[in-house]
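Analysis of the macromolecular model
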Amino acid sequence: MRLAVVGAGAVGRSVIELAGEYGHSVTAVADSRSAAVDPEGLDPETVVAEKEREGRVGSSAPEAALDAEYDALIEATPTTLGDAEPGFSHVVGALERDRHVVLANKGPVAERYGELRAAERASAGEIRFEATVGGAIPALSTIEDFGPDHITAARGVLNGTANFILTRMAAEGLDYEHVLAEAQDLGVAEADPSFDVEGTDAALKCVIMANVLSEDREFTLADAEVEGIEGVPGSALELAGEDGRTVRLIGEATREGVRVGPRLVPENGTLAVSGTRNIVQFETTHAGRLNVSGRGAGGPETATAVLSDVGRLG
Amino acid sequence: MSDARAHTVRLELSDEPGELLNALHPIADNGGNLLSIYHERGNLTPRGRIPVEVDLECAPERFSGIVEALREAGINVIQAGEERYAEEVSVILVGPLIETDLSDTLRWFEECANLSVLDLSLSAPEDDRPSARLRLAAEAGGVSDALARVRELADEKGLLAIEPQLDREVEA
């Protein structure tokens, strides 16, 4: 397939670099300032080198990518809340051109799911968004394979930054501020970590799963009950440890709603994944519990989910 | 004692000299007649305590007084007669626990029907927010109701409640 990649961050760049290995070509790439377009296929190394050297991918205007020749648009711009722009317009723009869209951007799927599905119905194109939940973990395709009616709940540890902080606090007996600073030094946490530690990121992923599980109800972040980990002191982890338990930021999605918050889990239990590892746990109607664990973030990891989606497009 | 009935109470004792005797006094002092004591030494509860099963005989109207006296003596009553606390659940509360009156918090739980506080561990370091772990006993099927009560209390007192992620596969 011919791919147009919008967004040249870690995920977009990895998609460009790995597309060839999956048998696809990249005919357009855009970042927020520019675009590179070649119907014959761009050279991944040239585009990535240009981005690294010049801070831009090419000399055309960004809109040129949307107008280019491609079969599927890869939307990998940063997640924004509320109107989910400019991601939402990118998706709709491609659907209006009857192209497929694969999203790595959580915003449109979490905040404007109904509109997105309506735009898809009016198009010959299809949308997929496996990469928006749990990086490399096949969370949404598992729901798809089982059928939403056969899954009663999806829950898990869905934010690596929060999980890294809680893991270190429990293991080293350090306080929140200390571990956060360490995570920032290591590049695990952003300079502004609020999106991760306040639970927003995990909540968006759960909202997306709730949307996929529900047929008659649309969820947005506003429907989610969210508590972050900033209020969890070292003393709480200590008390949990004395009881053979630990604390994890757990998000849960059902057809009834979304809840995210710090929870007590058995220290050696399935949900107590450590560091930046993620896990998604499904309660199925006929097959009991299913656990899928793996790397929940990262450029190549998330690009893997994007390219799996591309492979599933009809 | 012609109308006396037999009751069983299940207690949880810490492994210290005199604890068993402490637990038996409230029974005798409140009109209970001890029938048998099964002291399961070497069989620890998940909290590292020793389970003790006591069979006793008393007039029906005296039984609740005996259970109350046991609790007042600081003994964990896991099961009393027919009133069975089938499920246990631990929660951690974080925040101004002492300023908002810890004993009031405990009383709040004790006033909830179908719910009992089995024990409490408090950690209040000088340089960090205090936390308390409460182990609650609920009637069969009452855990989600118990957690709803915990959320209600946390809201009321401005505390963070860290609930257990119910994992029936592990706890069953």
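Everything numeric here is computed off the predicted structure, so don't read it as measured data.

Comments concerning the overall build of chain B
Helix and strand counts for chain B come out as 5 helices and 9 strands. Reading the secondary structure of chain B in the N-to-C direction produces β-α-β-β-α-β-β-β-α-β-β-α-β-α. Referenced to the eigenvectors of the C-alpha coordinate spread, the extents of chain B come out at roughly 55 × 35 × 35 Å. The burial tally for chain B puts 46% of its 172 residues in the buried class. Within chain B, contacts between residues separated by at least 24 positions form 67% of all contacts whose residues are at least 6 apart in sequence. Accessible surface computed for chain B: about 8,800 Å², of which carbon and sulfur atoms make up 45%. Here chain B contributes 16 positive and 35 negative side-chain charges, whose respective centroids are spaced 1 Å apart.

A few points about the overall build of chain A
Looking only at helices and strands, chain A features 13 helices and 12 strands. Whereas a compact globule of 314 residues would reach a radius of gyration of roughly 20 Å, chain A reaches 20 Å, a difference of no more than 12%. Structurally, chain A occupies a C-alpha span of about 60 × 45 × 35 Å along its principal axes. For chain A, the proportion of its 314 residues judged to be buried stands at 58%. Total accessible area on chain A is roughly 12,200 Å²; 45% of this is exposed by carbon and sulfur atoms.

As for the interface of chain B and chain A
Facing the 26 residues of chain B at the interface are 27 residues of chain A. Summing both sides of the interface, chain B and chain A together bury roughly 2,200 Å²; the carbon and sulfur share of this comes to 52%. In this assembly, chain B and chain A are joined by 3 salt bridges. Residue Arg133 of chain B is joined to Asp243 of chain A by a salt bridge in which the shortest nitrogen-to-oxygen separation is 3.7 Å. Inspection of the region where chain B meets chain A yields 11 residue pairs in polar contact (both at pLDDT 80 or more). Put simply, the parts of the chain that give the side of chain B that touches chain A at least two residues each are strand S6 (87–94), strand S7 (115–123), strand S8 (131–138), strand S9 (160–164) and helix H5 (168–171) of chain B. At 5 residues, the largest contribution of residues to the side of chain B that touches chain A is made by S9 of chain B. In terms of residue class, the side of chain B that touches chain A is built from 11 nonpolar, 5 polar and 10 charged. Where strand S10 (residues 258–266) of chain A meets S9 of chain B, 2 bridges bridge the pair, whose relative direction is parallel.

Here's the deal with the environment of Thr220 of chain A
Its place among the elements puts Thr220 of chain A in the loop between helix H11 (200–213) and strand S8 (224–226). Beyond its immediate stretch of four places on either side in the chain, Thr220 of chain A contacts Ala110, Glu111 and Val207 of chain A.

Let's talk about the pairing of strand S5 (residues 100–103) of chain A
All names here are of chain A. Residues His100 and Val102 of S5 are buried on one face, and the alternating residues Val101 and Leu103, pointing to the opposite face, are buried as well. Relative to S5, strand S4 (residues 72–75) runs parallel, the two sharing 4 bridges. Across the sheet, Leu73 pairs through a bridge with Val101, a residue of S5. Since S4 and S5 lie parallel, the crossover through helix H4 (residues 87–96) that links them has a hand, and here it is right-handed. Across 2 bridges, S5 lies against strand S6 (residues 127–128) in parallel orientation. Considered in S6, the bridge of Val102 is made with Arg128.

Let's talk about the packing of aromatic side chains
All names here are of chain A. Taken as a whole and judged by the stated rule, the model has 2 aromatic pairs over all chains. A centroid spacing of 6.3 Å and a plane angle of 90° characterise the contact between Tyr113 and Phe129, whose relative ring orientation is edge-to-face. Placement of Tyr113 in helix H6 (residues 113–121) and of Phe129 in the loop between S6 and helix H7 (139–146) is noted, with a sequence separation of 16 residues between them. By the burial criterion, Tyr113 is buried, and Phe129 matches it.

Comments concerning the sheet that holds S4 of chain A
Residues and elements named next belong to chain A. Pairing within the open sheet is mixed, and its 6 strands lie in the order S3-S2-S1-S4-S5-S6. Each edge of the open sheet carries a strand with a single partner, namely strand S3 (35–37) and S6. Pairing of strand S1 (residues 2–6) with strand S2 (residues 25–30), which is carried by 5 bridges, proceeds in the parallel orientation. Along S2, the bridge assignment pairs Leu3 with Val26. Those strands touched by H4 are S1, S4, S5 and S6, and its axis lies near 175° from that of S4.

Quick notes on helix H3 (residues 102–110) of chain B
Two residues of an α-helix separated by three or four positions point the same way, owing to the 3.6 residues in each turn. All names here are of chain B. What H3 keeps buried is the set Leu102, Thr105, Trp108 and Phe109. Viewed end-on, H3 has its buried residues packed into an arc of 115°, placing them on one side of the element. Looking at the buried residues of H3, the elements they touch are S6, S7, S8 and helix H4 (143–157).

Remarks on the nonpolar core
With 76 residues, the main nonpolar core has Phe129, Ile165, Met209 and Ile229 of chain A together with Ile162 of chain B as its most contacted residues. Here the element with the most residues in this core is H11 of chain A; it accounts for 10 residues. Ignoring any residue separated from it by four or fewer positions in sequence, one finds Phe129 of chain A in contact with Leu103, Val109, Tyr113, Arg117, Leu140, Ile208, Val212 and Asp309 of chain A. Counting residues in each nonpolar core, the second largest holds 25 residues, with Leu3, Val15, Leu42 and Ala72 of chain A among its members.

Here's the deal with the pairing of S7 of chain B
Walk down a regular strand and you will see the side chains alternate between the two sheet faces. Residues and elements named next belong to chain B. Where burial is concerned, most of S7 is hidden: 7 out of the 9 residues are buried. Bridge count for S7 against S8 is 8 bridges, and the pairing is antiparallel. When the bridges of S8 are listed, Leu122 appears paired with Ala132.

Focus: the confidence of the model for chain B
All names here are of chain B. Within chain B, residue pLDDT values average 82, and 91% of them lie at 70 or more. For chain B, the element scoring lowest by mean pLDDT is H5, at 37; S9 scores highest, at 95. Residue range residues 168–172 is modelled with pLDDT below 50. Its contacts to residues more than four positions away, or to other chains, number 4 contacts.

The rules we used
Throughout, residues of each chain are indexed from 1 in the direction in which the sequence is written. Each chain gets a letter, beginning with A, and each ligand a number, beginning with 1, in the order they are written. Owing to the predicted nature of the model, reporting of local features is limited to residues with pLDDT of at least 70; listing and counting of side-chain atom pairs is limited to 80 or more, with chain, interface and lining totals taken over all residues. Computation of side-chain values covers all heavy atoms of the structure but excludes hydrogens and water. In DSSP terms, a helix is any run of H or I states spanning at least four residues, a strand is any run of E spanning at least two, and both are numbered starting from the N terminus. Only protein chains enter the calculation, and the probe is 1.4 Å; a residue is then buried if its accessible area is under 20% of its type maximum, exposed if over 50%, and partly exposed in between. Only heavy atoms enter the contact rule, under which two residues are in contact if any of them lie within 4.5 Å. For every accessible area listed, the method is Shrake-Rupley and the probe measures 1.4 Å; residues are considered covered only by the protein chains on display. Here the positive residues are Lys and Arg and the negative ones are Asp and Glu; neither His nor the chain ends is included. Lysine's charge is taken at NZ, arginine's at CZ, aspartate's at CG and glutamate's at CD. The globule rule is 2.2 Å times the number of residues to the power 0.38, and the radius of gyration it is compared with is taken over C-alpha atoms. Take the accessible area each of two parts loses on contact, using a 1.4 Å probe, and add the two losses: that sum is the buried area. By definition, a salt bridge exists where a carboxyl oxygen of Asp or Glu is found within 4 Å of a side-chain nitrogen of Lys or Arg. Side-chain atoms alone can form a polar contact between residues adjacent in sequence; in general such a contact is a pair of N or O atoms within 3.5 Å, and within protein one must be able to donate a hydrogen while the other accepts it. Think of it as three bins: nonpolar holds Ala, Val, Leu, Ile, Met, Phe, Trp, Tyr, Cys and Pro, charged holds Asp, Glu, Lys and Arg, and polar takes everything else, Gly as well. Strand pairing requires that DSSP identify at least two bridges connecting the strands. By definition, the crossover connecting two strands over a helix is right-handed if that path, from the first strand to the second, turns clockwise as seen with the strands pointing away from the viewer. Aromatic contacts are taken between Phe, Tyr and Trp rings whose centres are within 6.5 Å, Trp giving its six-membered ring; a plane angle under 30 degrees counts as stacked, one over 60 as edge-to-face, and the others as tilted. Comment: axis = line fitted to C-alpha atoms, over the contacting stretch for helices; angle = value between 0 and 180 degrees taken between N-to-C directions. It is the directions from the helix axis to the C-beta atoms that the arc portrays. As used in this record, nonpolar core signifies buried Ala, Val, Leu, Ile, Met, Phe, Trp, Tyr and Cys residues forming a set joined through side-chain atoms within 4.5 Å. Confidence of the predictor at the level of single residues is given by pLDDT, which spans 0 to 100.

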